[in-house]
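The residues making up each chain are set out below.
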Amino acid sequence: MRLGLYVNLYADRADRPRLADAVEQVRLAEQAGFAWAVLGERHLHRPGYHEAVTSLAYLAAHTDRIGLATAGLIAPVHHPVWLAEALAHIDVLSGGRLTAGFVLGYRPEEFALYGTRPGERVSRFEECLELVTRLWTEEEVSYRGRWHRVEGAFLSPRPHQRPRPRIWNGGRVAAALERTARMCDGWTTSFNETDEDLPKKIEAYRSHPRGPHSLGAEVIVCREGYAAATSQQARTALEAPLRELYDAYGDWKRTSADAARYAQPWDDIVARSVIGSAGQCAERIEQYARMGADGLVLRVQPPGMPQADALRAIEAFGRFTS
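How each quantity is defined
Residues numbered from 1 in each chain as written. Predicted model: local features only at pLDDT ≥ 70, side-chain atom pairs only at ≥ 80, totals over all residues. Heavy atoms only, no water. Helix = DSSP H or I, 4+ residues; strand = E, 2+ residues; numbered from the N terminus. Rg over C-alpha atoms; globule rule 2.2 N^0.38 Å. Contact = heavy atoms within 4.5 Å. Areas by Shrake-Rupley, 256 points an atom, 1.4 Å probe, with all protein chains shown as cover. Buried < 20%, exposed > 50% of the residue type's maximum accessible area, 1.4 Å probe, protein only. Arc of directions from axis to C-beta. Polar contact = N/O pair within 3.5 Å; in protein donor to acceptor, adjacent residues only side chain to side chain. Disulfide = S-S within 2.5 Å. Patch = residues over 30% accessible without salt bridge, like charges linked within 9 Å, V, L, I, M, F, W, Y side chains within 5 Å. Salt bridge = Lys/Arg side-chain N within 4 Å of Asp/Glu carboxyl O. Lys, Arg positive; Asp, Glu negative; His and termini not counted.

A. The arrangement of the overall build of the protein in detail. Along its length, the protein carries 11 helices and 12 strands. Its C-alpha atoms give the protein a radius of gyration of 19 Å, near enough to 20 Å, the size a compact globule of 322 residues would have. Projecting the C-alpha coordinates of the protein onto the three principal axes gives extents of approximately 60 × 40 × 40 Å. A separation of at least 24 residues holds for 73% of the contacts in the protein among residues at least 6 apart in sequence. For the protein, the computed accessible surface area is about 13800 Å², with 50% contributed by carbon and sulfur atoms.

B. Looking closely at helix α2 (residues 52-61). All of the buried residues in α2 are Ala 52, Val 53, Ser 55, Leu 56, Leu 59 and Ala 60. End-on view of α2: buried residues confined to an arc of 160°, all on one side of the axis. Residues Thr 54 and Ala 61 are exposed on α2 and point more than 90 degrees away from its buried face. At its buried positions, α2 is contacted by α1 (20-32), β2 (36-39), β3 (67-70), β4 (73-74), α3 (80-93) and β5 (98-103). At the N-terminal boundary of α2, the capping side chain belongs to Glu 51, with an oxygen 3.1 Å from the backbone nitrogen of Val 53.

C. Spatial organisation of the state of the cysteines. Applying the stated criterion to the full structure yields zero disulfides. A disulfide-free cysteine, Cys 281 has its sulfur positioned 16 Å from the sulfur of Cys 222, the nearest such atom.

D. Up close: the environment of Phe 125. If you trace the backbone, Phe 125 turns up in helix α5 (residues 121-137). The spatial distance from the C-alpha of Phe 125 to the C-alpha of Thr 54 is 21 Å, given a sequence separation of 71 residues. When sequence neighbours within four positions are dropped, the list of residues in contact with Phe 125 reads Ala 75, Pro 76, Phe 102, Val 103, Leu 104, Asn 169 and Arg 179.

E. Local environment of a nonpolar patch on the surface. The grouping of Leu 44, Leu 113 and Tyr 114 at the surface amounts to a nonpolar patch, some 280 Å² of accessible area in total. Within the fold, Leu 44 resides in the loop between β2 and α2.

F. Seen up close, the side chain of Arg 42. Looking at the secondary structure, you find Arg 42 in the loop between β2 and α2. Buried charge without a partner: Arg 42 forms no salt bridge, and the closest opposite charge is Glu 110, 4.5 Å away. Within polar-contact distance, the side chain of Arg 42 engages the side chain of Tyr 10 at 3.3 Å.

G. How the structure looks around the environment of Arg 65. Locating Arg 65 in the fold gives a position in the loop between α2 and β3. In the structure, Arg 65 is positioned 57 residues away from Val 122 in sequence and 34 Å away in space, judged by C-alpha atoms. Leaving out residues up to four positions away in the same chain, Arg 65 has contacts with Glu 30, Gln 31 and Arg 97.

Rendered as structure tokens:
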């Protein structure tokens, strides 16, 4: 099973503008055999959140082998030409280590910040991915869509990978699964997708026809993760900072149907996570492999967790990468 480390980009005033903790974690993950370092995107977070694309470039400069992925960038708020160019350059600078993961987004404040509206997000998302894919693979692109028009556009350099970097998409509803199969190469699950629902959604995703330029239909399961000597030690390290993060998510997702999942008992969280002793975590990883997952992205450090605790968990998960 390929493992990814979901990198904690939450910042505070003492940390800015350095990403020293993230670099230390990702270097350790690289040594431990993780397949990816995975970054998310967030805006309007007062304590601070490091910008994802520039952070990806920074991590590329401090690593040698580990894949660099996003899960995901909020495609509808970005201009697709800028996005295609910036990500292509990261792929070039890293020697072909990029996987570009996108999401629709859900916070009204973030859409307003970029001058867009939530009701536009599906059409903007599809235009964005179409243009990004074409700019990565074609010598010259002319395009007239609802939101964007380009004439004779091209990238130089184009991405290092041929025919292009892989594209992931996150989403929970049936339309998102169909869109992912049609336009992307992999589906990244929600962190709170239940194990009960996951097999049905994997089957549904893989049943949809893939687009003509698809590079596959891999399933990347995103999970809270913490491995320790005992399940109690894992809970002691993870529960308090994770509860604080979930309280924040409950506010951010107040308009979302899954907001209630961030106020659940600890046992319910563990039931959809990879948390516990080494043996328990190994069993959970094997369970996801049987469901059909191709990889797991683990969030081991919520904001507020000490760096030493995060490093211990990364090292512990390294035994499952060989």
